[in-house]
Every structure is written in structure tokens, then in C-alpha cells.
Amino acid sequence: MAATITTRDPAAEAPVPAVAASNVMALYWELASVDPLVRQKAADSLLRALHAFQLQHQASHPSASSTTATEDNLDELCAKDVSYGLKRLLRGLPSSRDGARQGFAVALTELLRGLDFLNVTTVLSLLTKLTQTEGAKGQEEREVLFGRIFGIMAICQAGMLSRPTTTQADIDTIVTSLLKFASSKSYLRETCFRVLLTVVEETKGTALEKGVVDAIIPAVLVNEIENPEDLWFALAMQAAHPEYDWATVLPSWKHSRVLHRKNQTQLIEILKQSTYASPRVHSVWDALFDLLLQNQKESAAAKSSHNVALQDLWIQLDDALYSSTHERKHLGMLLFQRLLARVDSADVAFVFTPQLLRTLINNLAKQDNYLHKVAKQTATVMSKLAKERKEIALQLVLQLVGKNGHQRFDIITKTKTVDTILGSLEEKDILTYVTYLQETFLNQKDAETDPATVQSHRHWALNQMVLLLKNGRIPKAENWVKAVARFVCLHAFYDVQKDDPKDSSVKKPVPAVSEVTRAACIEKLSALLGTLTTMIMKDNSGM
């Protein structure tokens, strides 16, 4: 019979002083609600009550505000309910009950922000005493360690690091603790490094800033960059502090710059390790994309750069991610979603790599495929982005039905992805897409050795043009509707022998149009005329 591990719930164990009002006490329980709105309301009500208690206390103890806070005099400086609240919130951070940790952390942050006479030394000491790890094992040890990390983050986010009472020794204690937690448990690393970066951010502009930077960089990168967290830290710190002597901590990296183009292979090897965070996307990726996109804009302005180019990195990642494990393919599709939301319309094409599209199509096609869920999510993201950023809608369609995609994308994947995105096209983009379809019909020289392929491509182009007219989400404008009708009619009844120099839409098809395709044109023209009789169109002036 399997052993059952029973863990304590620190959020519910704190002794209750007689002075605490019953309605205030109930708020501590509501802080643990799984409903974020209930937690937020409870935190707001609790803080208002504690603030009122503290004002009353300070009115009756006017000299207390000028006294240095310590553990010994905490009950003298704070109202009893406030002192109790501080300790209970600290003690409750390790609780994994429902939403307790999140609720207690939010309330603690705001309480510390309001008690400006408290110093970091005192709060760190209380945190250590009230979240003891001695004797804790397994799940209980995990919760206690997370509680301590959340406590340190609360100290940072409350603005305590910028208080005049904060010393370099306080910072050293925080950094040492976080690095100890990160090295002891791999699942804590990313969270610990997020707090480390917050420490740097919160001391920016203070008297401690230089000392913090000079101490934290060699402490974190003592073995250079070994994992995604080290890389995340190095990227953020090099961007914020380029003046630091990076050669002292990154001797094996070319030019001591992580994003120098000669370090690209080394960079990818470390990035591949980030799949351990699956199904989440590790924080290093957002930091990397933001920096590369920023460098791309700066490089375009300067017309030269020694930095890793986003496009080059993405091409190498295409092979590293999509020719590998399910975990890496899953990560690849999530990264595609994030990058697609960030790039300009001119850069959309390079994000659609051949292996990405192959992976996407294969996994959309069958519901029992391992990656079907994330592939479906990716298709939904594309449709949503097309509505939000209409300037990229045309590029999305061209990539999905283009060379590396599939002309019958929606049919093969059993989705309406292309159809939905087409509904987001603006008028000028619809005309561009019609021109693309016409070129697909006319220029089949790459496939002319296979008549069946030529015929398939041309029939697809015809179908797409007629479907544009039938799609109720697409606004019907005279210019592109006339272009479609004229083109279909031309190839239904005429054999074009040469290009018309005066009319770019009249071109000789390569190879020549077969009788089967001409019959298809006649059929589509009949359907097209039937649709036109019921259509309400805008003229070129938009009326």
C-alpha cells in the first residue's frame, strides 16, 4: 500500500491573538480562494483594516515611527493586528492550499510597502524563522522553498531594496539564498532567476546599484553559461550593463558578447535545453526575441551589425526543433506563435519555415496525433492575429497555401484556417491575392512535366477565386470582382497565344490550358455569374 504524505498548511496554523476581529480573520481564509477576484477583494479589505489599525497605533505611540525596526521591538512599532498579520502572511507563503501562496504574497507585498519603517534585515530574518526547512522532506520541502522565494520577491516588489536602510549585506544574503535554492532544486531555477533579475531592477538608480551589479554578475556566472537560466540572466544583464567587463566572466564566448554572430551555434545548444520547462515556454525565449528584434531595428538603421540575426537563428532552430523530439516540436510551435505576434508584416514570411509548416499540417490532419492540440492552438492564433493585425493577413494566407504549405490547406487539415483569415483581408490585399491566384494559374512551368499536377494547381486557383466571391466575410469591391470574372471568362473561351503588353492580366499560360481545365473555367464562370446576380458591390470609391 502506497504511503500517504500529509503536509502542514502554514496558512491556517498561525495562533490567533484575542485582539483580532473575527471579520478580519475571515479575510485570511479568503486570501486562499481559487478565484482571483475573491483573493484580490480579500487582500484589499485586509490591507485597509490593517492600515486603520496601524494609524490608531501610531497616534497613541508617536515616538515609535522614529525607532529602528528589529524583531524584538516589532510588537511595539506595529499594532498587534498588524504584527500578527505580517507574521501570518510570511508563515502562510509555503501553503499550497488552493490559491493561498498567490493571495498571501500579494497581501504581504502591499503590507510591506505600507510599513516603510521596516528594513530588509528584519523581514528576511522573520521569513527564515517562520518558514523553517529543518526536517522538511519531499513535497513539504518544496512548498517551504517556494514560500521563501515568494517572500523574497515580495520584499523586492514592495520597493524595500531602495530604502536607505538596505545594505549590500542584505543584497548578498538574498542573492546567496536564491542561488542556493536554484542549485539545490532544478524546478526552482527559473523562478529564482526571475527574482535575481528583479533584485537588479529594484536597485537601479540607488546607491547600491554598482555594488549589486559588480557582485551579482560573477556570483551567477561563476561557471559562465551552462543552462537556459544563465543565458537569460546574461542576456538581460548585457543589455542593461554593456559597460561591465564581460571578458572576466565569459572568456569562452567570442568577443564576450552572447549575441555575437560567432556564438550562434553555442547559443542554440543551450536554448535546446529549455524543453525541460515543457509544456511552458521558458522565459529565456521572450528575452531573446525582444533583444533580437530590437537589434534588428538598430542594425537596419546602422546598416551593419555583428549580432546574431533573428532570421539566421530561426532558420537554424527550424532543424534543431522540428527534426527532433515531440517536446521540441511542441516548443517550436509555441515559439512560432510568439514570434509571429512580434514581427513586422515584411518579416512574416521567414517565420514560416518548411519544417514548421510540415509539422503543423501533419498534426492538424489527425486528431490522435501527439501534437494535434498545440497545432490546433497555432491555427487559432493565426486566425486571431489576422483579425487583430490585418496588415499580416495576406502574408499568412500566402504562406499557408504557398510553396512550403499546401494549396488545399483547409481540406487536408480539416480546419477553416485559410477561409477565416481570408475574411480578415483588406480590399487592397484581396486584389493582391487574386493576382497571386492568377499567376498560379498561368505560370506552371515548374510542374509542366506532370499534366496532372498542372491541372490540380490550376483548378485550385479557380476554386479559390470563386470562393472569394462566395465568402460572406469578404467585402466585395468592383476592382477585384471584375478581375476575377474577366480572368475566368478569358480562359473559358479563348486560347491566349502571347502576352498583351498593354494589359498585364492577359498572359500566355505555360503550359497551354488543357480542354479539361477550359471546361472547368466554363463551369466556374457559370457559378460565378450566378453569384454575381445576388451580390451587392462597392465601387472603387467605396460606395
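Fair warning: this is a prediction, and the values are worked out from it, not measured in the lab.

## Considering unusual backbone geometry
(1) Moving on: With an omega of 10 degrees, the peptide bond between S278 and P279 qualifies as cis.
(2) Moving on: Checked against the element boundaries, P279 lands in the loop between α13 (264-271) and α14 (283-302).
(3) Moving on: A cis amide bond links V510 to the next residue, P511, at an omega of -10 degrees.
(4) Moving on: Following the sequence through the fold, P511 ends up in the loop between α25 (478-493) and α26 (515-532).
(5) Moving on: Its identity as a non-glycine residue notwithstanding, E224 has a phi of 60 degrees, on the positive side.
(6) Moving on: Its place among the elements puts E224 in the loop between α11 (209-220) and α12 (228-240).

## Describing the environment of T176
(1) Moving on: Along the chain, T176 falls in helix α9 (residues 168-184).
(2) Moving on: Distance from T176 to S514, taken between C-alpha atoms, is 76 Å for residues 338 residues apart in sequence.

## Remarks on the pattern of salt bridges
(1) Moving on: Considering all chains together, one arrives at 22 salt bridges under this definition.
(2) Moving on: A salt bridge links R389 to E391; the nearest nitrogen and oxygen atoms lie 3.2 Å apart.
(3) Moving on: The residue D429 makes a salt bridge to K428 at a minimum N-O spacing of 3.4 Å.
(4) Moving on: Given a relative accessible area of 8%, D429 falls into the buried group.
(5) Moving on: One salt-bridge network, held together by shared partners, links D286, D290, R338 and R342.

## Considering the nonpolar core
(1) Moving on: Counting 167 residues, the largest nonpolar core has L112, L118, I217, L221, W285, Y433 and W480 as its most contacted members.
(2) Moving on: Apart from the residues lying within four places of it in its own chain, the contact partners of W285 are L271, S274, L317, L331 and L335.

## Considering the packing of aromatic side chains
(1) Moving on: Counted by the stated rule, this structure contains nine aromatic pairs.
(2) Moving on: Between the aromatic rings of Y28 and Y84, the centroid separation amounts to 5.8 Å while the plane-to-plane angle is 85 degrees, which identifies the pairing as edge-to-face. Separated by 56 residues along the polypeptide, Y28 in helix α2 (residues 22-30) and Y84 in helix α5 (residues 80-92) bring together distant segments of the chain.
(3) Moving on: By way of ring pairs, the aromatic residues W285, F289 and W314 are connected into one cluster.

## Topic: the environment of V351
(1) Moving on: Structurally, V351 is set in helix α17 (residues 348-351).
(2) Moving on: Remark: the alpha-carbon pair of V351 and Q132, spanning 219 residues in sequence, is separated by 49 Å.
(3) Moving on: Look past the residues within four positions of V351 in its chain and what remains in contact with it is W314, F336, L339, L340, V343 and L356.

## Digging into the confidence of the model for the protein
Parts of the prediction with low pLDDT should not have their coordinates interpreted in detail.
(1) Moving on: Put simply, the protein has an average pLDDT of 89, and 92% of its residues get 70 or more.
(2) Moving on: Ignoring residues within four places in sequence, the model shows residues 1-8, a span with pLDDT below 50, making four contacts including any to other chains.
(3) Moving on: Low pLDDT, under 50, characterises residues 12-20; the stretch is placed with 15 contacts to residues that sit more than four places away or in other chains.

## Side note on the packing of helix α10 (residues 189-202) against α11
(1) Moving on: Packing of α10 against α11 leaves a shortest axis separation of 10 Å and a crossing angle of 160 degrees. Classified by the angle between their axes, α10 and α11 sit roughly antiparallel to one another. Between α10 and α11 the crossing geometry is left-handed. Residues F193, L196, V199 and V200 of α10 lie in contact with α11, whose contacting residues are V212, I216 and V220.
(2) Moving on: Its residues assigned to classes, the contact of α10 with α11 comprises seven nonpolar, no polar and no charged.

## Some thoughts on the environment of N443
(1) Moving on: One can find N443 in the loop between α23 (427-442) and α24 (451-470).
(2) Moving on: On the basis of relative accessibility, which here comes to 39%, the residue N443 falls in the partly exposed class.

## Here's the deal with α12
(1) Moving on: In a regular helix each residue adds 1.5 Å, so 13 residues correspond to 18 Å; α12 covers 18 Å between its end C-alpha atoms and thus fits that length.
(2) Moving on: Most of α12 sits inside the fold, with 10 of its 13 residues counted as buried.
(3) Moving on: P228, E229, D230, L231, W232, F233, A234, L235, M237 and Q238 are the residues of α12 that are buried.
(4) Moving on: For α12, the N-terminal cap is N227; the gap from its side-chain oxygen to the backbone nitrogen of E229 is 3.2 Å.

## Concerning α24
(1) Moving on: Here α24 spans 29 Å end to end across 20 residues, near enough to the 28 Å set by a 1.5 Å rise per residue.
(2) Moving on: For α24, the full list of buried residues reads V454, R458, H459, W460, A461, L462, Q464, M465, V466, L468 and L469.
(3) Moving on: Contacts from the buried residues of α24 go to α20 (393-401), α22 (417-422), α23, α25 and α26.

Conventions and cut-offs
- Residues numbered from 1 in each chain as written.
- Predicted model: local features only at pLDDT ≥ 70, side-chain atom pairs only at ≥ 80, totals over all residues.
- Heavy atoms only, no water.
- Helix = DSSP H or I, 4+ residues; strand = E, 2+ residues; numbered from the N terminus.
- Salt bridge = Lys/Arg side-chain N within 4 Å of Asp/Glu carboxyl O.
- Buried < 20%, exposed > 50% of the residue type's maximum accessible area, 1.4 Å probe, protein only.
- Core = buried A, V, L, I, M, F, W, Y, C linked by side-chain atoms within 4.5 Å.
- Contact = heavy atoms within 4.5 Å.
- Phe/Tyr/Trp six-rings, centres within 6.5 Å; stacked < 30°, edge-to-face > 60°.
- pLDDT = per-residue confidence, 0-100.
- Axes fitted to C-alpha atoms, helices over the stretch in contact; angles between N-to-C directions.
- Parallel < 35°, antiparallel > 145°, perpendicular 65-115°, else oblique.
- Left-handed = near helix turned anticlockwise from the far one by under 90°.
- Nonpolar A, V, L, I, M, F, W, Y, C, P; charged D, E, K, R; others polar.
- Expected span 1.5 Å × (residues − 1).
- Polar contact = N/O pair within 3.5 Å; in protein donor to acceptor, adjacent residues only side chain to side chain.

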